[in-house]
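Here is how the chains run, residue by residue.
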Amino acid sequence: ARWPWWLCAFAGLVVIGAMAFMNAIPGQVACDGQGGNPMLQFEMVTSAQDLATLFGNDPCRSSLAAAMDAVNHIDGIAYIPAFTLLQIFAAIGWWRRGRALAITVIVVALIAAGCDYLEDGILTTKTFELLNYGAVDGDAIVILMVLVRVKFALLSLSAMMLGYLARGDGGWWRWVGSAMIGGGVFGLLGIVFPAGLGLGIGVAWALLFAVALVRSVQPAAIAPSASPSSR
């Protein structure tokens, strides 16, 4: 069936659109003067001091906090649902390739989405506390550290499982599947080396989107007709 791939491709378009909107939000400049991706730095804080350093002092603090709040809104409304459905519809598209693995992908994608929503809630709350009281609950930072790393680990594993399913289609799809598996492995390494975090998963999702586009226009397989002798 091609309908799962149509929906997978649509979800991929929403992912791209949401990313474009989030990247276009002004004020996303870390206040520590070190550059880099402030949203990724925001996610990967390990202490209240890291958070205070990232946000610095006004006027940079207020500008960055407003930008991060806007990013979190788009994240929750569009980005998280879209990348979750991207994985789910791909798993449905490969349902006959391996039902147990497809179900695992769906469960993993939903748990990762749950972690991401909880993460957004903590990020928003902690920013509010920092801006208004100057102190952040250290226990919440520990919970945030766990949620972020579990989320990225699950998304990386999902990319690897989907890559394995893609390899089952044979032919040049094996190369695509292998590249997706490689992206998932790179995503796991990114948990330890944050500089590359998101790149591996991003590559895997880009390949998955390309697969969805191809599969959504491919003719459906037609079973051969029964021979006269078998009638």
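Residues numbered from 1 in each chain as written. Predicted model: local features only at pLDDT ≥ 70, side-chain atom pairs only at ≥ 80, totals over all residues. Heavy atoms only, no water.

Please explain the nonpolar core as it appears in this structure.
If you look at the biggest cluster of nonpolar residues, it comprises 65 residues, and the most contacted ones within it are Phe42, Phe55, Met68, Trp94 and Leu162. Among the secondary structure elements, those contributing two or more residues to this core are helix H1 (3–24), helix H2 (38–43), helix H3 (48–55), helix H4 (60–93), helix H5 (99–133), helix H6 (138–167), helix H7 (173–192) and helix H8 (199–217). Tallying contributions element by element places H4 first for this core, with 14 residues. Residue contacts for methionine 68: discarding those within four places in its chain leaves Gln28, Pro38, Met39, Phe42 and Phe55. (Core = buried A, V, L, I, M, F, W, Y, C linked by side-chain atoms within 4.5 Å. Buried < 20%, exposed > 50% of the residue type's maximum accessible area, 1.4 Å probe, protein only. Helix = DSSP H or I, 4+ residues; strand = E, 2+ residues; numbered from the N terminus. Contact = heavy atoms within 4.5 Å.)

Sorry, what's going on with the confidence of the model for the protein here?
When pLDDT drops low, the exact placement of atoms in the prediction is not to be read closely. Put simply, the protein has an average pLDDT of 84, and 87% of its residues get 70 or more. Element-level pLDDT for the protein is lowest in H3, with a mean of 80, against a maximum mean of 94 in H1. Throughout residues 219–231 the model reports pLDDT below 50, and contacts reaching past four residues in sequence, or to other chains, amount to three contacts. (pLDDT = per-residue confidence, 0-100.)

Can you help me understand the state of the cysteines in this one?
Where two cysteines share a covalent bond between their sulfur atoms, that bond is called a disulfide. One pass over the structure, following the stated rule, counts one disulfide. With its sulfur 1.9 Å from that of its partner, cysteine 31 forms a disulfide with cysteine 60. Measuring the twist about the S-S bond at about -95 degrees, one finds the cysteine 31-cysteine 60 disulfide to be left-handed. A residue pair is termed long-range when its members are at least 10 positions apart, and cysteine 31 in the loop between H1 and H2 and cysteine 60 in helix H4 qualify at 29 residues. By relative accessible area, cysteine 60 is classed as partly exposed at 28%. (Disulfide = S-S within 2.5 Å.)

Would you explain the environment of leucine 208 in this entry?
Checked against the element boundaries, leucine 208 lands in helix H8. Leucine 208 sits in the buried class, given a relative accessible area of 0%. Taking the C-alpha atoms as reference points, leucine 208 and alanine 90, 118 residues apart in sequence, are found 7.8 Å from one another.

Is there a simple way to explain the packing of H7 against H8 in this structure?
Working note: a packed helix pair is described by the angle between its axes plus the distance between those axes. Running from amino to carboxyl end, H7 crosses H8 at an angle of 155 degrees, the nearest separation of the two axes being 6 Å. In terms of orientation, H7 and H8 fall into the roughly antiparallel class. For H7 against H8, the interelement crossing comes out left-handed. Here Trp173, Val176, Ala179, Met180, Gly183, Gly184, Phe186 and Gly187 of H7 come into contact with H8, specifically with Leu199, Gly200, Ile201, Ala204, Leu207, Leu208, Val211, Val214 and Arg215. The residue makeup of the contact of H7 with H8, split by class, is twelve nonpolar, four polar and one charged. (Axes fitted to C-alpha atoms, helices over the stretch in contact; angles between N-to-C directions. Parallel < 35°, antiparallel > 145°, perpendicular 65-115°, else oblique. Left-handed = near helix turned anticlockwise from the far one by under 90°. Nonpolar A, V, L, I, M, F, W, Y, C, P; charged D, E, K, R; others polar.)

How do you make sense of the pattern of salt bridges when you look at a structure like this?
Two side chains that carry opposite charge are able to pair once their charged atoms sit near each other. Taken as a whole and assessed by the stated rule, the structure comprises three salt bridges. A salt bridge links lysine 151 to aspartate 116, with the shortest nitrogen-to-oxygen separation between them at 3.5 Å. Taken together, the residues lysine 151 in helix H6 and aspartate 116 in helix H5 connect sequence positions 35 residues apart. Both residues of the pair, lysine 151 and aspartate 116, count as buried. Through salt bridges that share partners, Glu43, Asp116, Glu119 and Lys151 make up one connected network. (Salt bridge = Lys/Arg side-chain N within 4 Å of Asp/Glu carboxyl O.)

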